[in-house]
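In case you want the letters, here they are:
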Amino acid sequence: MQTEEYIKAGKIASEVREMVRVKDWVGKTVYEICEWVEDEIRKRGAKCAFPVNTSINEVAAHYTAEPNDPITIKDTDLIKIDLGAQINGYIADTAVTVCYDPQYDGLVQAAEEGLVNAMSMIKAGVKASDIGRTIETTIKQMGYKPIANLSGHSLEQYTIHAGKSIPNIWSIGGFSLSENSAYACEPFVTTSDGGGFVRNGQIKNIFAINSRKKTKDVEADKLLDFIWENFNMLPFALRWITKDREEKEARDLLNVLVKKKAVQAYPVLIEVNEQRVAQAEHTFIPTENGVTVTTKA
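For the structure given in this document, a descriptive report is provided here. (Residues numbered from 1 in each chain as written. Predicted model: local features only at pLDDT ≥ 70, side-chain atom pairs only at ≥ 80, totals over all residues. Heavy atoms only, no water.)

1. Considerations on the environment of Gly-152
Moving on, step 1. Mapping Gly-152 onto the fold places it in strand E7 (residues 151–155).
Moving on, step 2. Exposure remark for Gly-152: the relative accessible area of 1% places this residue in the buried category.
Moving on, step 3. The sequence separation of Gly-152 and Tyr-183 amounts to 31 residues, and the corresponding C-alpha distance is 7.4 Å. (Helix = DSSP H or I, 4+ residues; strand = E, 2+ residues; numbered from the N terminus. Buried < 20%, exposed > 50% of the residue type's maximum accessible area, 1.4 Å probe, protein only.)

Rendered as structure tokens:
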């Protein structure tokens with residue numbers, strides 16, 4: 001367990017998150033946001049654990065900027081900025097919802113409160129289902145709905161979703177938190193008119209390697225090697241590979257890799273009733289008597 005590297009990555013991720021929280025993004029494009037946040041992570045000596053997610057309004061997760069993405073933030077938007085830093089593959093995953101429309105302040109608050117209450121009960125041996133119950137109760141008492149089919153997750157070196165889920169609702173069964181393992185907890189909240197679930201959208205602009213098996217397409221295989229050397233098994237964006245390649249060529253080669261199942265493409269996730277969604281997230285390591293929240297400011 002590389003606690004030191006988890007904590008170092010967490011400090012960087014939380015510093016950048018707090019800058020994101022107070023910055024005025026209105027009028028900025030999602031491309032500018034992603035590039036700025038990713039630069040800030042790198043400036044502090046970490047690498048990005050995944051492309052910054054800039055998911056707006058009813059998009060709950062998994063939207064990152066396309067190369068030169070023109071989508072611009074309006075003062076009525078609610079934007080979830082989910083960012084990750086990694087040091088030697090040890091990850092800090094954290095998120096904040098930025099909102100300029102006061103009518104959604106309560107929604108943002110519900111995600112934050114759910115997270116605070118979850119963190120306050122954590123120590124080794126606590127059941128993931130009980131964390132889910134705490135999150136669900138907090139959110140519902142505030143008049144909102146948790147998103148039932150999104151959850152937090154265990155983390156391992158170079159692996160963001162390492163097999164275990166930390167639910168945002170109470171669920172039967174589940175596992176107990178182990179001491180000195182890393183997890184991310186991320187309440188997602190929607191309005192009382194929301195369905196409380198997400199569905200897959202059409203857009204897929206976050207990718208990760210599935211297999212390193214050669215595709216017999218020389219250029220595609222070169223790209224596959226480049227992805228492995230630079231990002232390992234962690235997610236990446238088209239933006240990250242157009243730095244060295246012409247965009248159309250990069251996109252075409254990426255499509256070859258997806259078709260051959262060497263690379264997986266993740267769809268954006270959209271609230272089923274197209275209601276707004278807020279998110280808050282911390283990375284934490286349970287200890288015998290409590291918890292180290294690596295992404296606490």
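2. Observations concerning the sheet that holds strand E3 (residues 59–61)
Consider a sheet: its strands pair through backbone hydrogen bonds, and that pairing is either parallel or antiparallel.
Moving on, step 1. What the four strands build is an open sheet, ordered E3-E13-E11-E12; its pairing is antiparallel. The two strands at the open ends of the sheet, each matched to only one other strand, are E3 and strand E12 (236–237).
Moving on, step 2. Bridging between strand E11 (residues 198–209) and strand E13 (residues 263–271) involves eight bridges; their strand directions are antiparallel. Residue pairing in the sheet places Ile-206 in a bridge with Tyr-266 of E13.
Moving on, step 3. Contacting E11, E12 and E13, helix H5 (residues 218–231) crosses the sheet at an angle of about 90° to E11. (Pairing = 2+ DSSP bridges. Contact = heavy atoms within 4.5 Å. Axes fitted to C-alpha atoms, helices over the stretch in contact; angles between N-to-C directions.)

3. Re the sheet that holds strand E9 (residues 182–185)
Moving on, step 1. Strand order across the open sheet formed by five strands is E8-E7-E9-E15-E16, with antiparallel pairing between neighbours. Looking at the sheet topology across the chains shown, the edges are occupied by strand E8 (165–167) and strand E16 (291–293). Strand-to-strand, the axes of this sheet are offset by a mean angle of 25°, without reference to chain direction.
Moving on, step 2. Bridging between E9 and strand E15 (residues 282–286) involves three bridges; their strand directions are antiparallel. When the bridges of E15 are listed, Ala-184 appears paired with Thr-283.
Moving on, step 3. Set on the sheet, helix H1 (residues 3–22) makes contact with E7, E9, E15 and E16; between it and E15 the angle comes to about 155°.

4. Regarding helix H2 (residues 30–43)
Moving on, step 1. For H2, with 14 residues, the first-to-last C-alpha span of 20 Å sits near the 20 Å given by 1.5 Å per residue.
Moving on, step 2. Residues Val-30, Ile-33, Cys-34, Glu-35, Val-37, Glu-38, Glu-40 and Ile-41 constitute the buried set of H2.
Moving on, step 3. The inward-facing, buried residues of H2 contact H1, strand E1 (47–48), strand E2 (53–56), strand E4 (78–87) and helix H6 (238–241).
Moving on, step 4. Just downstream of H2, Gly-45 is the residue with a positive phi angle, here 95°. (Expected span 1.5 Å × (residues − 1).)

5. Concerning the environment of Gln-275
Moving on, step 1. Structurally, Gln-275 can be placed in the loop between E13 and strand E14 (277–279).
Moving on, step 2. Along the primary structure Gln-275 and Thr-191 are separated by 84 residues, whereas in three dimensions their C-alpha atoms are 6.5 Å apart.
Moving on, step 3. Excluding anything up to four places from it in sequence, Gln-275 contacts Asn-57, Glu-58, Thr-190, Thr-191, Asp-193 and Gly-194.

6. A short note on unusual backbone geometry
Among all residues except glycine, the phi angle is most often negative; among peptide bonds, the trans geometry is most common.
Moving on, step 1. The backbone of Asn-68 shows a phi angle near 55°, a positive value even though the residue is not glycine.
Moving on, step 2. Relative to the elements of secondary structure, Asn-68 occurs in the loop between E3 and E4.
Moving on, step 3. With phi around 55°, Glu-274 is a residue other than glycine that occupies positive phi space.
Moving on, step 4. Among the structural elements, Glu-274 can be located in the loop between E13 and E14.

7. A closer look at helix H4 (residues 128–141)
Moving on, step 1. An ideal rise of 1.5 Å per residue puts 20 Å on 14 residues; H4 measures up with 20 Å between its terminal C-alpha atoms.
Moving on, step 2. Burial in H4 covers these residues: Ala-128, Ser-129, Ile-131, Gly-132, Thr-134, Ile-135, Glu-136, Thr-138 and Ile-139.
Moving on, step 3. In this structure, the buried side of H4 is in contact with helix H3 (105–120), strand E6 (145–146), E8, E9 and strand E10 (188–190).
Moving on, step 4. At the C-terminal side of H4, Gly-143 shows a positive phi close to 90°.

8. What to know about the layout of surface pockets
Moving on, step 1. Reported here for the largest pocket is a volume of approximately 590 Å³.
Moving on, step 2. Around the largest pocket, the lining is made up of 32 residues, and of these His-62, His-153, Ile-160, His-161 and Tyr-266 lie nearest the centre.
Moving on, step 3. At the level of elements, E7, E11 and E13 are the ones that each hand at least two residues to the lining of the largest pocket.
Moving on, step 4. Per-element accounting of the lining of the largest pocket gives the leading share, four residues, to E11.
Moving on, step 5. Tallied by class, residues from the lining of the largest pocket come to 15 nonpolar, 12 polar and five charged. (1 Å grid on protein atoms, 1.4 Å probe; cavity = no way out; pocket = protein on both sides within 12 Å on 5 of 7 lines; lining within 4 Å. Points joined across faces, edges and corners; volume = space filled by probe spheres on them. Nonpolar A, V, L, I, M, F, W, Y, C, P; charged D, E, K, R; others polar.)

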